[in-house]
Every structure is written in C-alpha cells, then in structure tokens.
Amino acid sequence: MSKKKKSALQEQKGVSISEITNQSSINSIQQKRKSNIDETKLVNALLKEDITALSRAITLVESKNPKHKNKASNILKACLPHANNSIRIGITGVPGVGKSTFIEAFGKHLTSNGKRIAVLAIDPSSTITKGSILGDKTRMEDLVKDKNAFIRPSASGESLGGVARKTRETIILCEAAGFDVIIIETVGVGQSETTVHSMVDFFLLLKLAGAGDELQGIKRGIIEMADAIAINKADGDNLKQAKLAKVEFNRALHMYPEKASNWQPKVTLCSALKNEGVDDIWNIILEYIETTSTNNFFNKKRYEQNKFWLIQTIEEQLKSDFFNTVKIKEALEEQIQLIEENKTTPFAAADYLLSLK
C-alpha cells in the first residue's frame with residue numbers, strides 16, 4: 001500500500017492567536033513603556049543623534065495623555081539649550097504642485113552636501129473619521145533611506161489649517177538631535193500658511209505654470225509671506241509657460257512694499273522630477289540667511305516668533321483646561337440641548353458657560 005502524501009499546507013497545533021495577541025495586554029505594555037521612560041537617558045540618546053530616541057521624544061510631545069505632559073515638558077527644557085542652530089524652511093503650494101517630489105530632490109541635494117535634514121510633513125486629517133493617510137514616507141522613497149534624513153509625518157488633527165499641534169516643539173527636538181535644516185511641508189489648502197510662516201526662517205511658495213492661476217493665484221497674503229517663488233515642473237513642453245509665469249510673478253512682486261527684512265523675494269524655475277534648479281533654490285536661501293543675519297532681521301524674527309508662540313500656547317492651554325472641566329462638560333451638553341430646542345442662542349450659551357469658570 002502506498003502511503004498517503006501529506007500536504008505541506010497543514011495546520012499544526014500550537015498557541016492560539018488570542019493568547020499571544022490580546023489587544024488589552026498590548027495596550028497595557030505600550031502604556032507601561034511610555035510611563036517608564038527615563039527622561040535623562042532619552043535626552044542623552046537624542047543629543048547623540050539617536051533617531052529612535054528622537055522619534056520617542058516626538059511621540060511624547062504629541063501625546064494628548066495628561067500623564068505624558070510633564071515628561072514632554074522636561075525633555076523640551078533639556079533640549080532647548082541645544083536648539084536654534086538650524087535653518088527652518090516652510091514649503092507650501094496647492095495639492096498637485098509636486099511638494100513631496102520637490103522636498104525629496106531638495107533633501108537629497110542637501111544630504112549630498114553633508115547636511116542633516118528633518119522633514120516635518122503635515123497630513124490633513126479627515127473631519128469625519130479623524131483619520132489621516134500619513135503617506136509622505138511612501139512618496140519620498142529615496143529620502144527615507146538616507147541616513148542623514150529624518151521624515152516625520154504627523155496628522156493635522158483639529159488644528160487650524162492643518163498644522164500639527166506640536167510642530168513647534170518638534171522643531172526644537174530635531175535641532176537638539178543635530179539636524180542642520182528643518183523643512184515643514186504644509187497641507188497646501190490655503191489656511192495653514194500663516195501658522196507655518198510663524199515658525200520658519202524662510203518661506204518658499206511652489207507654483208505651477210499653465211494651471212490658469214498665474215495672476216489669479218497671486219493673493220496678497222501668500223505673496224507677502226513668500227521669500228521666494230519656485231515654479232515647479234519647468235521642463236519639456238511646460239518650460240515656455242514656466243518662463244512666462246516667472247515674468248508675471250516678478251512683475252507682481254515689485255508691486256508690493258519693501259519687506260522689513262530688506263529682502264526682495266526672488267522667482268526661479270525648477271524641475272524636481274529632473275532635479276534641475278534645486279541647487280539654485282538652496283543658493284537663494286543661503287543668500288537670504290546672509291542678508292537677514294547681517295541686518296539682524298533673522299534674530300529679530302525668531303524673537304517675534306517666540307512671543308507669538310507664547311501667546312498661542314497660553315490660548316491652547318486655557319482652551320484645553322476649559323473644555324476638560326467636568327462642570328463645563330456637563331453644562332455644555334445642557335446648553336447644546338437648549339440651542340437645539342430654540343430656548344437660547346449660541347451667544348447667550350457661551351456667556352453662561354464662561355461665567356461658570
């Protein structure tokens with residue numbers, strides 16, 4: 001009798017999946033790891049350019065858990081003396097302009113010249129599901145593999161304009177970890193630019209030629225914030241249109257009052273896909289840093305930014321404390337019900353809630 005052949009695809013007895021992957025146990029272990037973090041060791045590792053330590057520190061800073069607040073604060077205080085030694089660059093542009101492709105080409109150019117760069121990419125969160133794709137690491141495949149680059153995608157959450165709640169603090173941690181250039185990528189939907197502008201040294205606006213917005217897209221607020229405009233995808237059949245767009249933008253820029261920095265914003269062409277013109281943009285940034293450092297505008301701007309973030313932090317803390325008060329939570333539900341029944345107005349309800357604090 002021939003023996004029956006055994007299939008290689010047989011189920012073997014062993015430990016059941018539920019025994020080794022109990023979700024509550026995993027959550028408990030993760031919480032213990034966070035609560036058992038040795039702040040001094042974490043800071044020392046971060047200062048030695050340990051990327052794992054940097055990631056853990058950023059996670060603590062971004063955490064909304066009240067238990068992590070003191071630890072995050074202590075870590076930031078320890079890192080602050082080692083910060084403020086980088087060039088902070090904000091990059092914005094409408095979706096489809098090629099921000100991720102540009103940042104990858106720009107980042108590779110910098111790392112090839114011995115710079116260490118950190119990219120803080122803000123991904124928009126859904127207002128319905130609160131979820132976020134966090135896809136920048138998949139879009140920057142080459143930069144992700146670069147040992148001199150660090151990419152940290154963050155969900156925008158509920159913050160206005162899609163700027164991550166703790167981006168300012170993350171910059172401090174990245175600088176303490178020895179990064180020379182910090183790049184902040186905005187969502188590019190027209191709201192976050194002001195907030196990003198308030199935390200960077202140089203603000204770059206990426207534009208497209210032939211998209212029908214050469215003149216219409218010159219909105220006073222964005223142009224006034226931009227220190228340079230780069231017309232991306234200036235290659236092939238688009239090159240002619242890109243050159244015409246450059247003339248239009250240059251003409252428009254000269255219509256605006258002189259900046260307090262005494263810097264005249266520049267317009268340049270680039271093709272991130274073909275890696276053309278990227279070095280010109282870095283040279284413009286270096287020229288800007290030299291100009292503003294000489295006339296002391298660079299330091300003055302950072303001082304003004306610190307004042308702005310002091311006020312913003314106070315406002316955020318007051319808001320958080322207010323809405324997390326048990327008495328306010330209960331009263332808020334009651335007032336919402338009264339508004340729904342047309343028994344009060346939103347303004348009267350707000351006055352009442354504020355009087356309870």
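This write-up is about the structure you can find in this document.

Cut-offs applied
- Residues numbered from 1 in each chain as written.
- Predicted model: local features only at pLDDT ≥ 70, side-chain atom pairs only at ≥ 80, totals over all residues.
- Heavy atoms only, no water.
- Axes fitted to C-alpha atoms, helices over the stretch in contact; angles between N-to-C directions.
- Helix = DSSP H or I, 4+ residues; strand = E, 2+ residues; numbered from the N terminus.
- Parallel < 35°, antiparallel > 145°, perpendicular 65-115°, else oblique.
- Left-handed = near helix turned anticlockwise from the far one by under 90°.
- Contact = heavy atoms within 4.5 Å.
- Nonpolar A, V, L, I, M, F, W, Y, C, P; charged D, E, K, R; others polar.
- Salt bridge = Lys/Arg side-chain N within 4 Å of Asp/Glu carboxyl O.
- Buried < 20%, exposed > 50% of the residue type's maximum accessible area, 1.4 Å probe, protein only.
- Core = buried A, V, L, I, M, F, W, Y, C linked by side-chain atoms within 4.5 Å.
- Pairing = 2+ DSSP bridges.
- Phe/Tyr/Trp six-rings, centres within 6.5 Å; stacked < 30°, edge-to-face > 60°.
- Lys NZ or Arg CZ within 6 Å of the ring centre and 35° of its normal.
- Expected span 1.5 Å × (residues − 1).

1. A few points about the packing of helix α3 (residues 39-47) against helix α5 (residues 66-79)
- The N-to-C vectors of α3 and α5 enclose an angle of 40°; their axes lie 10 Å apart at closest approach. Viewed along their axes, α3 and α5 adopt a mutual orientation that is oblique. α3 and α5 meet at a crossing whose hand is right-handed. Note on element contacts: α5 touches α3 through Lys71, Asn74, Ile75, Ala78 and Cys79, opposite Glu39, Leu42, Val43 and Leu46.
- Residues that form the contact of α3 with α5 fall into these classes: 6 nonpolar, 1 polar and 2 charged.

2. A word on the pattern of salt bridges
- Counting across every chain of the model gives 12 salt bridges.
- Ionic pairing is found between Lys166 and Glu316, a salt bridge with its closest N-O pair at 3.8 Å. With Lys166 in the loop between β3 (149-155) and α9 (167-176) and Glu316 in helix α14 (residues 297-323), this residue pair connects regions lying 150 residues apart in the sequence.
- For Glu316, a relative accessible area of 34% gives the class partly exposed.

3. Some remarks on the side chain of Thr268
- When you line up the elements, Thr268 lands in strand β7 (residues 266-269).
- Ignoring any residue separated from it by four or fewer positions in sequence, one finds Thr268 in contact with Ile229, Ala230, Ile231, Asp280, Ile281 and Ile284.

4. Brief notes about the environment of Thr344
- As for its position among the elements, Thr344 is in the loop between α15 (326-340) and α16 (346-356).
- Taking relative accessible area as the criterion, Thr344 reaches 21% and is therefore assigned partly exposed.
- Beyond its immediate chain neighbours, meaning those up to four positions away, Thr344 contacts Gln335, Leu338, Ile339 and Ala349.

5. A short note on the nonpolar core
- Ranked by internal contacts, the top residues of the largest apolar core, which has 48 residues, are Leu46, Leu54, Leu173 and Cys174.
- Take this core: its biggest share by element is 6 residues, from helix α4 (residues 51-62).
- In this structure, Leu54 is in contact with Leu46, Phe150, Leu173, Cys174, Ala177 and Phe179, ignoring residues within four places of it in sequence.
- Counting residues in each nonpolar core, the second largest holds 35 residues, with Ile117, Ala230, Ala272 and Ile284 among its members.

6. Some details on the pairing of strand β5 (residues 202-208)
- In terms of burial, β5 is largely enclosed, as 7 of its 7 residues are buried.
- Because side chains alternate across β5, one face comprises the buried residues Phe202, Leu204, Leu206 and Leu208, and the other comprises Phe203, Leu205 and Lys207, equally buried.
- Note: β5 against strand β6 (residues 228-232), 5 bridges, orientation parallel. Looking at β6, one finds that Leu205 is bridged to Ile229.

7. Quick word on the packing of aromatic side chains
- Throughout the structure, instances matching the rule amount to 7 aromatic pairs.
- Arranged with centres 5.5 Å apart and planes meeting at 90°, the rings of Phe308 and Trp309 form a pair that is edge-to-face.
- A relative accessible area of 16% places Trp309 in the buried class.
- For the ring pair Phe322 and Phe323, a centre distance of 5.2 Å and an interplane angle of 90° mean the geometry is edge-to-face.
- According to the relative accessible area criterion, Phe322 is buried, its value standing at 13%.
- For Phe323, a relative accessible area of 41% gives the class partly exposed.
- Taken together through their ring pairs, the aromatic side chains of Phe102, Phe106 and Trp282 make up a single cluster.
- Between the NZ or CZ atom of Lys266 and the centre of the ring of Trp263, over which it lies, the distance is 5.0 Å.

8. Focus: α15
- Relative to the 21 Å expected for 15 residues at 1.5 Å per residue, α15 spans 22 Å between its end C-alpha atoms, a close match to the ideal helical length.
- Looking at the buried positions of α15, the neighbouring elements they touch are α14 and α16.
- Two residues or fewer after α15 comes Asn342, characterised by a positive phi angle close to 60°.

9. Structural notes on unusual backbone geometry
- Unusually for a residue other than glycine, Glu49 sits at a positive phi of about 70°.
- Its place among the elements puts Glu49 in the loop between α3 and α4.
- The exposure class of Glu49 is partly exposed, given its relative accessible area of 42%.
- With a phi angle near 60°, Lys233 is a residue other than glycine that sits in the positive phi range.
- The residue Lys233 is located in the loop between β6 and α12 (239-253) in this model.
- For Lys233, a relative accessible area of 37% corresponds to the partly exposed category.

10. Quick look at the pairing of strand β1 (residues 87-92)
- For β1, the buried fraction is high: 6 of the 6 residues fall into the buried class.
- Neither face of β1 is exposed, since Ile87, Ile89 and Ile91 on one face and Arg88, Gly90 and Thr92 on the opposite face are all buried.
- The pairing of β1 with strand β4 (residues 181-185) spans 5 bridges and is classified as parallel. Opposite Ile87, over in β4, you have Val181 as the bridge partner.
- Note: β1 against β5, 4 bridges, orientation parallel. Looking at β5, one finds that Gly90 is bridged to Phe203.

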